[in-house]
Each structure stands twice: as structure tokens, then as C-alpha cells.
Amino acid sequence: DAQTSGGLLISIPESQKIGGGEALHWAFDNGMFTIEDDGTILVHDEMKQNDELAQYDGQHIREPIDVFKSLAPRSDYLRWHRNHFFGKFLRAQAR
């Protein structure tokens, strides 16, 4: 299945539809969205026409409860993701 986003044809495998956790992880790994240091979700402009992803734009991730605080995303890792992965799907489409 393919979806059009800003004139780009984005192929999202049926098994990777955005609704579940695995699909969100896939979309994150492919740079379709990222997370700001303050926990705000930022959907890439080219993906905002995708209603499944657009619903998360501007939302905040939840802080983990005390027992899981050590698993909270580190701001340096989030920054690295923004600098190296955010928009990765555009580079893959250009090939």
C-alpha cells in the first residue's frame, strides 16, 4: 500500500500501518517523526497529510513512572535522531 504525502509516494507495508507500537517505531526509525527535548512529537512536514501520523503532531510523550525513569529518552539521543534520522524517508525515496 502506498500513501501520497506532499507529492511523494510513501510506501508503507501493510504490516506497518501506523496504528500500533511496532508501526510507530518503524515510522520513527524512518524519520517520519521525531521527538523534541521537551517530549513534543514533531511530525515531518511531508507526513502531515498522513492522518495516522498527523494526529500525534504537537502531542507530548508521557513521562515514565518513577520505577522506569531510567528508561526515559535522553535528550542527547533525541537530538541525534533529529539530526540524523528525521526526514530519512525522503532520502530513501530519492534513490
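Residues numbered from 1 in each chain as written. Predicted model: local features only at pLDDT ≥ 70, side-chain atom pairs only at ≥ 80, totals over all residues. Heavy atoms only, no water.

Peer 1: Got a minute to help me understand the nonpolar core in this structure?
Peer 2: Soluble globular proteins tend to pack their nonpolar side chains together in the buried interior. One finds A27, F28, M32, F33, I35, I41, V43, M47, L53, L78 and F89 forming the largest nonpolar core, which totals 11 residues. Of all the secondary structure elements, the ones that give two or more residues to this core are α1 (21-29), β3 (33-35) and β4 (41-43). (Core = buried A, V, L, I, M, F, W, Y, C linked by side-chain atoms within 4.5 Å. Buried < 20%, exposed > 50% of the residue type's maximum accessible area, 1.4 Å probe, protein only. Helix = DSSP H or I, 4+ residues; strand = E, 2+ residues; numbered from the N terminus.)

Peer 1: Looking at this model, I keep getting lost on the packing of aromatic side chains. Mind explaining?
Peer 2: Note on aromatic pairs: each is described by the distance of the centres and the angle between the planes. Counted by the stated rule, this structure contains 2 aromatic pairs. A ring pair is formed by F28 and F33, whose centres lie 5.4 Å apart and whose planes are at 55 degrees; its orientation type is tilted. By the burial criterion, F28 is buried, and F33 matches it. On the basis of an interplanar angle of 45 degrees and a centroid distance of 5.4 Å, the ring pair of W80 and F85 is categorised as tilted. You can call W80 partly exposed: its relative accessible area is 47%. Its relative accessible area of 22% is what places F85 among the partly exposed residues. Stacked on the ring of Y77, the Lys or Arg R74 has its end atom at 4.3 Å from the ring centre. (Phe/Tyr/Trp six-rings, centres within 6.5 Å; stacked < 30°, edge-to-face > 60°. Lys NZ or Arg CZ within 6 Å of the ring centre and 35° of its normal.)

Peer 1: Looking at this structure, how should I read the confidence of the model for the chain?
Peer 2: As a general rule, the predicted coordinates of low-pLDDT regions are not to be interpreted in detail. Counting all residues, the mean pLDDT for the chain is 78, and 75% of those residues have values of 70 or more. The weakest mean pLDDT in the chain belongs to strand β1 (residues 2-5) at 40; the strongest belongs to β4 at 94. Note that residues 1-13 has pLDDT below 50 and, in this model, 36 contacts with residues that lie over four places away or in other chains. (pLDDT = per-residue confidence, 0-100. Contact = heavy atoms within 4.5 Å.)

Peer 1: Would you mind showing me how to read a nonpolar patch on the surface here?
Peer 2: On the surface, I65, V67, F68 and L71 cluster together into a nonpolar patch covering about 450 Å² of accessible area. Structurally, F68 can be placed in the loop between α2 (51-54) and α3 (75-84). Since its relative accessible area comes to 43%, F68 is described here as partly exposed. (Patch = residues over 30% accessible without salt bridge, like charges linked within 9 Å, V, L, I, M, F, W, Y side chains within 5 Å. Areas by Shrake-Rupley, 256 points an atom, 1.4 Å probe, with all protein chains shown as cover. Salt bridge = Lys/Arg side-chain N within 4 Å of Asp/Glu carboxyl O.)

Peer 1: Any chance you could explain the environment of R91 here in plain terms?
Peer 2: As for its position among the elements, R91 is in helix α4 (residues 88-94). Between the C-alpha atom of R91 and that of G31, which follows or precedes it by 60 residues, the distance is 10.0 Å. With residues near it in sequence (within four places) discarded, R91 still touches H84, F85 and F86.

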